[in-house]
Amino acid sequence: MDYWLGIDCGGTFIKAAAVKASGETVCLARRNLAVISEQPGYAERDGEQLWQVLAEVIREICAQISADSIRGIGISAQGKGLFTLDKKGNTLGRGILSSDQRALPIVKAYQAQEIPAKLYPHTRQTLWTGHPVSILRALKEQQPERYQAIGAVMMSHDYLRYRLSGSIACEETNISESNLYNFNTGNYDKNLAELLGIGEIIEHLPTIVAATEIAGRVSEEAAALTGLTVGTPIVGGLFDVVSTAMCAGLAGEHMLNVVLGTWSVVTGITREIDDSQNLAFVYGKSAQAGEYIVHEASPTSAANLEWINDLLGNQDYRTVNRMIADLPPAASSVFFLPFLYGSNAGLGMQAGLYGLQSFHQKAHIYQAVFEGVLFSLMTHIQRMSIRFPQVEILRVTGGPAKSAVWMQMLADISGKIVEIPQIEETGCLGAAIAAMVGTGLYPDVNSAAAALKHEIVRYIPNPEHQAAYAEKYRRYQLLTEQLQAFNQLLSA
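Since we're looking at a predicted model, the values are computed, not measured.

Concerning the UniProt feature "domain: Carbohydrate kinase FGGY N-terminal" (unreviewed entry) in the protein
Piece 1. As recorded in UniProt, the sites labelled "domain: Carbohydrate kinase FGGY N-terminal" (unreviewed entry) are residues 3–247.
Piece 2. When the span residues 3–247 is considered, its composition is 35% helix and 24% strand, and the gap between its end C-alpha atoms is 18 Å.

Structure follows, in structure tokens:
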């Protein structure tokens, strides 16, 4: 039996799965990943610890199947952020995650200089704190010794591929969204780096590789630690947004992929860059030649629920769902702004509960969190509907997709049909598909995704609930606007 190893490195877990040519996952291993936050706004990960945890989950897989049966390896990972090597190839400092906020003053300065508008025609990106360029500029100003020692710039899946193979490269679906990549030329652009005040970093950017291109092979050192076979090919890998959109089976512009995890992400697939739009939509390279992903995202998703649940005593999620199902939809006066890890309502906006009274119970707080995550998500869905006006269906992936209560709530709030592909781990499957293509099993990722069909569960909007949700969403927007003004006063 042949297998392909798909690895998914997200905001809270790292997972590895052995996948058959049919798309069936035969074994899965996962471990929690610690986020280090020793200063306000910092979100870091220890690179050596990350590598050891990856080796641990791979060893667990290799204990269940023969390592010699693994034909290829792919890695799907959280986008943006920054991992660095020194000039000798050693890990340089901690990895910095996309939810890190240390570059907030840098981004504010960029905005004051109108640099995002100057970048966009070349990069098709917005500019925020989690971008590699923002973090690099922050390091240059805040930790100049580390900045001067940089020998290679990477994102998380590039770093993990390096630890498995010893080969240094940057994968295109991820690096294309770095603000260092020029969409018009398909390569790095020194003029962009100089505009951002980090021109010297260009010489430390690795070769760009495609998602399905073999970018390295398992080294002897990695094989000894993981149980893998020396020489097993490793493909470039995927930005996890690309991976989940591929697994969701997006077909045409009438469908969007919604990812609910640490981040809320809304993604569409297109074959053209539309310059007629007034909004600056974010584009990235897809794993399929000739296609782009268009997406909106913010770290305002299910991680907020995990934090609240820990605070309230770690209720079983089945219990949480029953508690919410027993309440009338949208009837509570409690609102939750899901900005614990960042915001899509303005720089520096923070999370909060509003409307609590003495008679409210835990159920009302959980309900408000469910609602708040989706109200925040609606910001992205509504903006994406401008670029994709024919959207009728939301294909949802991520942990919350397992909650029938949450998914029916999304259908009622959005007015869209919600479909849930029955895939255990889209990140692992997408990474495995990239490896299948790279090793010749399929000619391209679209052919692979079409061949590996999965069952779909559907939720239809309930018209009896839509009016109540529409009114509460309107009030959520009013509350957010008022707090934006308050936040500006605080930061003045």
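A look at the UniProt feature "domain: Carbohydrate kinase FGGY C-terminal" (unreviewed entry) in the protein
Piece 1. Within this structure's numbering, the places UniProt gives as "domain: Carbohydrate kinase FGGY C-terminal" (unreviewed entry) are residues 256–437.
Piece 2. In the segment residues 256–437, helix accounts for 37% and strand for 21%; the C-alpha atoms at its two ends are 24 Å apart.

Points about the nonpolar core
Piece 1. The biggest cluster of nonpolar side chains holds 87 residues, and the ones touching the most others in it are Ile-198, Leu-394, Val-396, Trp-406, Met-407 and Val-418.
Piece 2. Filtering out sequence-adjacent residues up to four positions away, Leu-394 remains in contact with Leu-256, Val-258, Ile-381, Leu-410, Ser-414, Lys-416, Ile-417, Val-418 and Glu-419.
Piece 3. Counting residues in hydrophobic clusters, the runner-up holds 37 residues, among them Ile-14, Ile-61, Tyr-162 and Val-218.

Thoughts on the layout of surface pockets
Piece 1. Estimates place the volume of the second largest pocket at around 450 Å³.
Piece 2. Every residue lining the second largest pocket is counted, 26 residues in all, and those nearest its centre are Met-246, Ala-248, Gly-249, Leu-250 and Ala-449.
Piece 3. Those elements that place two or more of their residues in the lining of the second largest pocket are α10 (240–248), α15 (426–438) and α16 (445–451).
Piece 4. A per-element tally of the lining of the second largest pocket places α10 first, with five residues.
Piece 5. Among the residues making up the lining of the second largest pocket, the classes are represented as 18 nonpolar, five polar and three charged.

Quick look at the side chain of Lys-285
Piece 1. Here Lys-285 is to be found in strand β18 (residues 282–285).
Piece 2. Taking the relative accessible area as the measure of exposure, Lys-285 reaches 18% and is therefore buried.
Piece 3. A distance of 3.0 Å separates the side chain of Lys-285 from the side chain of Tyr-181, its partner in a polar contact.
Piece 4. In this structure Lys-285 touches Glu-172, Thr-173, Ser-176, Tyr-181, Phe-183, Val-242, Glu-291 and Tyr-292, once residues within four positions along its chain are discounted.

A few points about empty space enclosed by the protein
Piece 1. For the coordinates displayed, the defined rule picks out one cavity of 30 Å³ or more.
Piece 2. The calculated volume of the largest cavity comes to roughly 70 Å³.
Piece 3. What lines the largest cavity is a set of 13 residues, and nearest its centre among them are Gln-78, Lys-80, Phe-83, Leu-97 and Ser-156.

As for the side chain of His-360
Piece 1. Position of His-360 relative to the elements: it lies in the loop between β21 (352–354) and α13 (362–387).
Piece 2. A distance of 2.8 Å separates the side chain of His-360 from the backbone nitrogen of Gln-357, its partner in a polar contact.
Piece 3. With residues near it in sequence (within four places) discarded, His-360 still touches Ser-332, Ser-333, Val-334 and Gly-355.

A short note on the domain arrangement of the protein
Piece 1. Along its sequence, the protein is carved into domain 1 (3–236) and domain 2 (249–491).
Piece 2. Across the boundary between the two partners, domain 1 contributes 48 residues, which contact 37 residues of domain 2.
Piece 3. Here domain 1 packs against domain 2, burying approximately 3100 Å² in sum over the two surfaces, 64% of which is carbon and sulfur.
Piece 4. Its largest share of buried area at the contact with domain 2, domain 1 owes to Trp-4, Arg-124 and Thr-212, together 18% of the area lost on that side.

Remarks on a nonpolar patch on the surface
Piece 1. On the surface, a nonpolar cluster with roughly 370 Å² of combined accessible area is contributed by Trp-307, Leu-311, Leu-340 and Tyr-341.
Piece 2. Residue position: Leu-340 is located in the loop between β20 (335–337) and β21.

Points about the sheet that holds strand β16 (residues 255–260)
Piece 1. Strand order across the open sheet formed by seven strands is β18-β19-β17-β16-β22-β23-β24, with mixed pairing between neighbours. Each edge of the open sheet is held by one strand with a lone partner, namely β18 and β24 (456–459). Put simply, the sheet's adjacent strands are angled 30° from each other on average, direction ignored.
Piece 2. The pairing of β16 with strand β17 (residues 264–270) spans four bridges and is classified as antiparallel. By the bridge assignment, Leu-260 is partnered in β17 with Ser-264.
Piece 3. Each of β16, β17, β18, β19 (292–298), β22 (393–397) and β23 (417–421) is contacted by α10, which is oriented at about 125° to β16, the strand it contacts most.

Conventions adopted
Residues numbered from 1 in each chain as written. Predicted model: local features only at pLDDT ≥ 70, side-chain atom pairs only at ≥ 80, totals over all residues. Heavy atoms only, no water. UniProt positions renumbered as here; feature names shortened; annotations may be inferred. Helix = DSSP H or I, 4+ residues; strand = E, 2+ residues; numbered from the N terminus. Core = buried A, V, L, I, M, F, W, Y, C linked by side-chain atoms within 4.5 Å. Buried < 20%, exposed > 50% of the residue type's maximum accessible area, 1.4 Å probe, protein only. Contact = heavy atoms within 4.5 Å. 1 Å grid on protein atoms, 1.4 Å probe; cavity = no way out; pocket = protein on both sides within 12 Å on 5 of 7 lines; lining within 4 Å. Points joined across faces, edges and corners; volume = space filled by probe spheres on them. Nonpolar A, V, L, I, M, F, W, Y, C, P; charged D, E, K, R; others polar. Polar contact = N/O pair within 3.5 Å; in protein donor to acceptor, adjacent residues only side chain to side chain. Domains from an automatic or database assignment. Buried area = accessible area lost by both parts, 1.4 Å probe. Patch = residues over 30% accessible without salt bridge, like charges linked within 9 Å, V, L, I, M, F, W, Y side chains within 5 Å. Areas by Shrake-Rupley, 256 points an atom, 1.4 Å probe, with all protein chains shown as cover. Salt bridge = Lys/Arg side-chain N within 4 Å of Asp/Glu carboxyl O. Pairing = 2+ DSSP bridges. Axes fitted to C-alpha atoms, helices over the stretch in contact; angles between N-to-C directions.

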